[in-house]
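Reading the structure
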Amino acid sequence: MATFSLQAQPDHAAGWLDLARRAEAAGFHTLYCADHPGSCASPFVSLAAAAAVTSTLRLGSYVVNAGIREPLLLASDVATLDLVSGGRAVLGIGAGHTPAEWAAVGRERPDVRGRVAHCITVAETTLRMLAGDGLAKPRPVQDRVPLLFGGGNTRLLRWAADHADLIGLTGLGRTLEDGHSHTVRWRPADVDAQVELCGAVPVEALVQHLEITEDAGATYAKWAAEAELSEAEMALAPYVLAGTVTEIRAKLAENERRWGLTRYAVRVPAFEAAVALMAG
């Protein structure tokens, strides 16, 4: 049986707390919040609020932009979340692809090599601090706060294979000129290559589209045209799921057989569809 997590953002207090309660009751594994300062809510403040109305739901950033986060402040936020949640925090971190966020803090976005090196430095320093090196208080409840790395860069995936507890794959490629959109690497050979780089670390796929429908072919064809893939390639991609509950479960089983995938993250519009897949 596949495990599902939920990525979401608060719009208002009552709705956010209700969503956290419903996610826990429905059986979602983790509630994730993105980190795009200036265009979305703070992940750690949001997750701390969710911690107050849940007891088993894990709570994580998905993912922190390492390019604009100082390790000491990041470690303090994560440790505090772990403390107030009773040991349910997850540190999700990535290299940071959005140029506007670097500019907003007075930094010029480095090239790929520079962003990769900076991400590794921030992640390793933050982990040391969470382990007690330079962060006296607060202390996390967990002996080790799980590290989720999110991204697709080859060097970072190799690093994550040795240091992360979970790797989040989206299949997203080069950042386009708008600074937000991406090309996709959803062909089976692309997935093969990235999963191989992850080694023995569990992988979680971020689902971009999930639709329960009686006409999976038409749905995959529509998505394929948008992504400039063939319908067959789209139907095999683990980042998109379409069909009846039975058909999607069969695809999940095939994803496990081929790639070892048993974990998925979905966004709020796919909440009910994910619940249907988890039922029974």
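Residues numbered from 1 in each chain as written. Predicted model: local features only at pLDDT ≥ 70, side-chain atom pairs only at ≥ 80, totals over all residues. Heavy atoms only, no water.

1. A word on helix α5 (residues 112-130)
Under the convention used in this document: Secondary structure follows DSSP: runs of H or I at least 4 residues long count as helices, runs of E at least 2 residues long count as strands, and numbering of each begins at the N terminus. A helix's residues, less one, multiplied by 1.5 Å, set its expected span. Here the term buried applies to any residue with accessible area under 20% of the maximum for its type, exposed to any over 50%, and partly exposed to those in between, with areas from a 1.4 Å probe on protein chains only. Any two residues whose heavy atoms approach within 4.5 Å are treated as being in contact.
Over its 19 residues, α5 runs 27 Å from end to end, which matches the ideal 27 Å to within 8%, given 1.5 Å per residue. For α5, every residue scored as buried is listed here: Arg-115, Val-116, Cys-119, Ile-120, Val-122, Ala-123, Thr-125, Thr-126, Leu-127, Met-129 and Leu-130. Of the surrounding secondary structure, the elements contacted by the buried residues of α5 are α3 (71-84), β5 (89-94), α4 (99-104), β6 (147-150) and α6 (154-163). Among the residues trailing α5, Gly-132 stands out with phi positive, at a value near 115°.

2. Regarding the packing of aromatic side chains
Where two aromatic rings form a pair, the distance of their centres and the angle of their planes describe that pair. Where we set the bar: In this analysis, rings of Phe, Tyr and Trp, with Trp reduced to its six-membered ring, are considered paired at centre separations within 6.5 Å, and the interplanar angle assigns stacked below 30 degrees, edge-to-face beyond 60, and tilted for intermediate values. Our definition puts a charge over a ring when NZ of Lys or CZ of Arg is within 6 Å of the ring centre and also within 35 degrees of the ring normal.
For the structure shown, the criterion picks out five aromatic pairs. When the ring of Trp-186 is compared with that of Tyr-239, the centres are 6.0 Å apart and the planes differ by 35°; the resulting orientation is tilted. Of this pair, Trp-186 sits in the loop between β9 (182-184) and α7 (188-197) while Tyr-239 sits in the loop between α9 (231-236) and β12 (240-243), placing them 53 residues apart in sequence. For the pair shown, Trp-186 and Tyr-239 are each scored as buried. The lysine or arginine in question, Arg-22, covers the ring of Phe-271, its NZ or CZ lying 4.8 Å from the ring centre.

3. Side note on the side chain of Asp-35
The following threshold applies: Two N or O atoms form a polar contact when they lie within 3.5 Å of each other; inside protein one atom must be a possible hydrogen donor and the other a possible acceptor, and for residues adjacent in sequence the pair counts only when both atoms belong to side chains.
Mapped onto the fold, Asp-35 is located in the loop between β2 (30-33) and α2 (43-51). Asp-35 gets classed as buried once you look at its relative accessible area, which sits at 2%. Engagement of the side chain of Asp-35 in a polar contact is seen with the backbone nitrogen of Asn-65, the distance being 3.0 Å. Among the polar contacts listed, one links the side chain of Asp-35 to the side chain of Arg-69, at a separation of 2.7 Å. Among all residues touching Asp-35, those that are not within four sequence positions of it are Cys-40, Pro-43, Val-63, Val-64, Asn-65, Arg-69 and Glu-101.

4. Let's talk about a negative patch on the surface
Heads up, the condition is: Like charges within 9 Å and nonpolar side chains (Val, Leu, Ile, Met, Phe, Trp, Tyr) within 5 Å are joined into patches, using only residues over 30% in relative accessible area that form no salt bridge. Surface accessibility in these figures is a Shrake-Rupley result with a 1.4 Å probe; residues are shielded only by whichever protein chains are displayed. By convention in these notes, a salt bridge is any Lys or Arg side-chain nitrogen within 4 Å of a carboxyl oxygen on Asp or Glu. Positive charges come from Lys and Arg alone, negative charges from Asp and Glu alone, with His and the N- and C-terminal ends not counted. Where a charge sits is defined by one atom per residue type, namely NZ (Lys), CZ (Arg), CG (Asp) or CD (Glu).
Together, Glu-214, Asp-215, Glu-231 and Glu-247 make up a negatively charged patch on the protein surface. With respect to the helices and strands, the residue Glu-231 is situated in helix α9.

5. What to know about the environment of Ile-248
With respect to the helices and strands, Ile-248 occurs in helix α10 (residues 245-259). Residue class for Ile-248 comes out buried when judged on its relative accessible area of 0%. Residues within four places of Ile-248 in sequence aside, it is in contact with Leu-210, Glu-211, Ile-212, Leu-241, Ala-242, Gly-243 and Leu-277.

6. Here we look at the packing of helix α1 (residues 13-26) against α2
What counts here: A fitted line through C-alpha atoms represents every axis, and for helices the fit uses only the stretch in contact; the resulting angles, taken between N-to-C directions, go from 0 to 180 degrees. Helix crossings get a hand from a simple test, with the near helix turned counterclockwise from the far one by less than a right angle marking a left-handed crossing and a clockwise turn marking a right-handed one. In this count, Pro and Cys sit with the nonpolar residues alongside Ala, Val, Leu, Ile, Met, Phe, Trp and Tyr, while Asp, Glu, Lys and Arg are called charged and the others, Gly among them, polar.
Contact geometry for α1 and α2: axes closest at 9 Å, N-to-C directions at 60°. Two packed elements cross with a definite hand, and for α1 against α2 that hand is right-handed. Across the interface between the two elements, Trp-16, Leu-17 and Ala-20 of α1 pack against Ser-46, Ala-49 and Ala-50 of α2. For the contact of α1 with α2, the per-class residue count stands at five nonpolar, one polar and no charged.

7. Some points on the nonpolar core
Soluble globular proteins: nonpolar side chains tend toward being buried together. For clarity, the cut-off: We call a set of buried residues a nonpolar core when its members are Ala, Val, Leu, Ile, Met, Phe, Trp, Tyr or Cys and they connect through side-chain atoms within 4.5 Å of each other.
The biggest cluster of nonpolar side chains holds 79 residues, and the ones touching the most others in it are Phe-4, Phe-28, Leu-31, Ile-167, Leu-210 and Val-266. Ranked by the residues each element gives to this core, the list is headed by α5, at eight residues. Once you skip the residues sitting within four places of it in the chain, Phe-28 turns out to touch Phe-4, Ser-5, Leu-6, Ala-23, Leu-57, Val-266, Phe-271, Ala-274, Val-275 and Met-278.

8. So, the side chain of Thr-126
In this fold, Thr-126 is placed in helix α5. Only 2.7 Å separates the side chain of Thr-126 from the backbone oxygen of Val-122, close enough to count as a polar contact.

9. A look at the pattern of salt bridges
This structure, assessed with the given rule, holds nine salt bridges. Two residues, Arg-22 and Asp-18, come together in a salt bridge whose shortest N-O distance is 3.1 Å. Placement of the pair is Arg-22 and Asp-18 together in helix α1, with a separation of four residues, close to one helical turn. A relative accessible area of 36% places Arg-22 in the partly exposed class. Residue Asp-18 is classed as partly exposed on the basis of its relative accessible area, which comes to 36%. Taken together, the shared-partner salt bridges in this structure form one network comprising Asp-35, Arg-69 and Asp-77.

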